[in-house]
Amino acid sequence: MRRKADLEGFRLPTYAEIPDVGLFLDQVSKYISMSLYPLGNITCTSSMIANYVKKSLIRNPIRKQYDRSQIAALFLISVYKNSVILEDLGKIVPKEPELIEKQYLQFAPYYEAKLREIFFRENTEIATELPELLQTVVTSSVYKTYIDSRFVE
């Protein structure tokens with residue numbers, strides 16, 4: 001991240017905004033990287049995605065194409081890996097499309113609220129059904145982003 005101002009209008013795509021046309025590996029990597037670029041310290045490369053598939057963190061692509069739920073799972077993984085080791089990601093990121101959608105719909109507004117709270121000191125109490133463990137993971141990830149931003153010149 002270059003400056004705190006880069007995050008002022010930051011928001012994650014809604015679940016419905018995530019493409020469901022079947023994106024190829026490089027397209028998925030670029031889409032997620034562009035979406036998370038303002039955060040600065042969160043990346044999602046093609047080789048990372050291939051590794052997540054190999055380690056069964058996400059379902060295999062169909063005809064080398066990733067659907068909306070797989071892309072949403074990659075957003076979760078990209079943020080969560082800031083504070084959770086790879087081996088534990090499989091315990092908190094679901095594989096079933098319906099459960100991925102449910103978690104993403106709870107995660108995105110909570111993540112954005114925590115980002116505003118930590119970076120801009122906004123009082124952003126948000127009612128969420130996100131489990132306490134995932135709330136802690138999100139909070140930890142946002143603090144990691146905040147700390148990393150303090151060392152960027």
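> Sorry if this is basic, but what is going on with the packing of aromatic side chains here?
Taken as a whole and judged by the stated rule, the model has eight aromatic pairs. Aromatic side chains Tyr 80 and Phe 107 sit 5.7 Å apart centroid to centroid with 85° between the ring planes, which places their arrangement in the edge-to-face category. Taken together, the residues Tyr 80 in helix α3 (residues 68-80) and Phe 107 in helix α5 (residues 97-120) connect sequence positions 27 residues apart. Judged by its relative accessible area of 0%, Phe 107 is buried. Considering the side-chain rings of Phe 107 and Tyr 111, the 5.6 Å spacing of their centres and the 35° angle between planes classify their relative orientation as tilted. Placement of both Phe 107 and Tyr 111 in helix α5 is noted, with a separation of four residues, approximately one turn of the helix. Among the aromatic side chains, those forming a connected cluster through ring pairs are Tyr 15, Tyr 31, Phe 75, Tyr 80, Tyr 104, Phe 107 and Tyr 111. Sitting over the face of the ring of Tyr 146, Arg 121 holds its NZ or CZ atom 5.8 Å from the ring centroid.

> I tried to follow the nonpolar core on my own but got confused; where do I start?
Leu 12, Tyr 80, Tyr 104, Phe 107 and Tyr 111 are the most contacted members of the largest nonpolar core, which has 46 residues in total. Residue assignment for this core shows that the elements contributing at least two residues are α1 (25-36), α2 (46-54), α3, α4 (86-92), α5 and α6 (132-150).

> Help me understand the packing of α1 against α2 in this model?
Two numbers describe a pair of packed helices, the interaxial angle and the distance between the axes. α2 packs onto α1 with a crossing angle of 110° between their chain directions and a minimal axis gap of 9 Å. The orientation of α1 with respect to α2, classified from their angle, is roughly perpendicular. The chirality of how α1 crosses α2 is right-handed. Within the contact between the two elements, α1 uses Leu 25, Asp 26, Val 28 and Ser 29 and α2 uses Ser 46, Ile 49 and Ala 50. Along the lines of polarity and charge, the residues of the contact of α1 with α2 split into four nonpolar, two polar and one charged.

> What am I meant to see in the side chain of Ser 69 here?
Here Ser 69 is to be found in helix α3. You can call Ser 69 buried: its relative accessible area is 4%. Within polar-contact distance, the side chain of Ser 69 engages the side chain of Arg 59 at 2.4 Å. Beyond its immediate sequence surroundings of up to four residues, Ser 69 is in contact with Tyr 15, Arg 59, Pro 97 and Ile 100.

Rules used in this analysis
Residues numbered from 1 in each chain as written. Predicted model: local features only at pLDDT ≥ 70, side-chain atom pairs only at ≥ 80, totals over all residues. Heavy atoms only, no water. Phe/Tyr/Trp six-rings, centres within 6.5 Å; stacked < 30°, edge-to-face > 60°. Helix = DSSP H or I, 4+ residues; strand = E, 2+ residues; numbered from the N terminus. Buried < 20%, exposed > 50% of the residue type's maximum accessible area, 1.4 Å probe, protein only. Lys NZ or Arg CZ within 6 Å of the ring centre and 35° of its normal. Core = buried A, V, L, I, M, F, W, Y, C linked by side-chain atoms within 4.5 Å. Axes fitted to C-alpha atoms, helices over the stretch in contact; angles between N-to-C directions. Parallel < 35°, antiparallel > 145°, perpendicular 65-115°, else oblique. Left-handed = near helix turned anticlockwise from the far one by under 90°. Contact = heavy atoms within 4.5 Å. Nonpolar A, V, L, I, M, F, W, Y, C, P; charged D, E, K, R; others polar. Polar contact = N/O pair within 3.5 Å; in protein donor to acceptor, adjacent residues only side chain to side chain.

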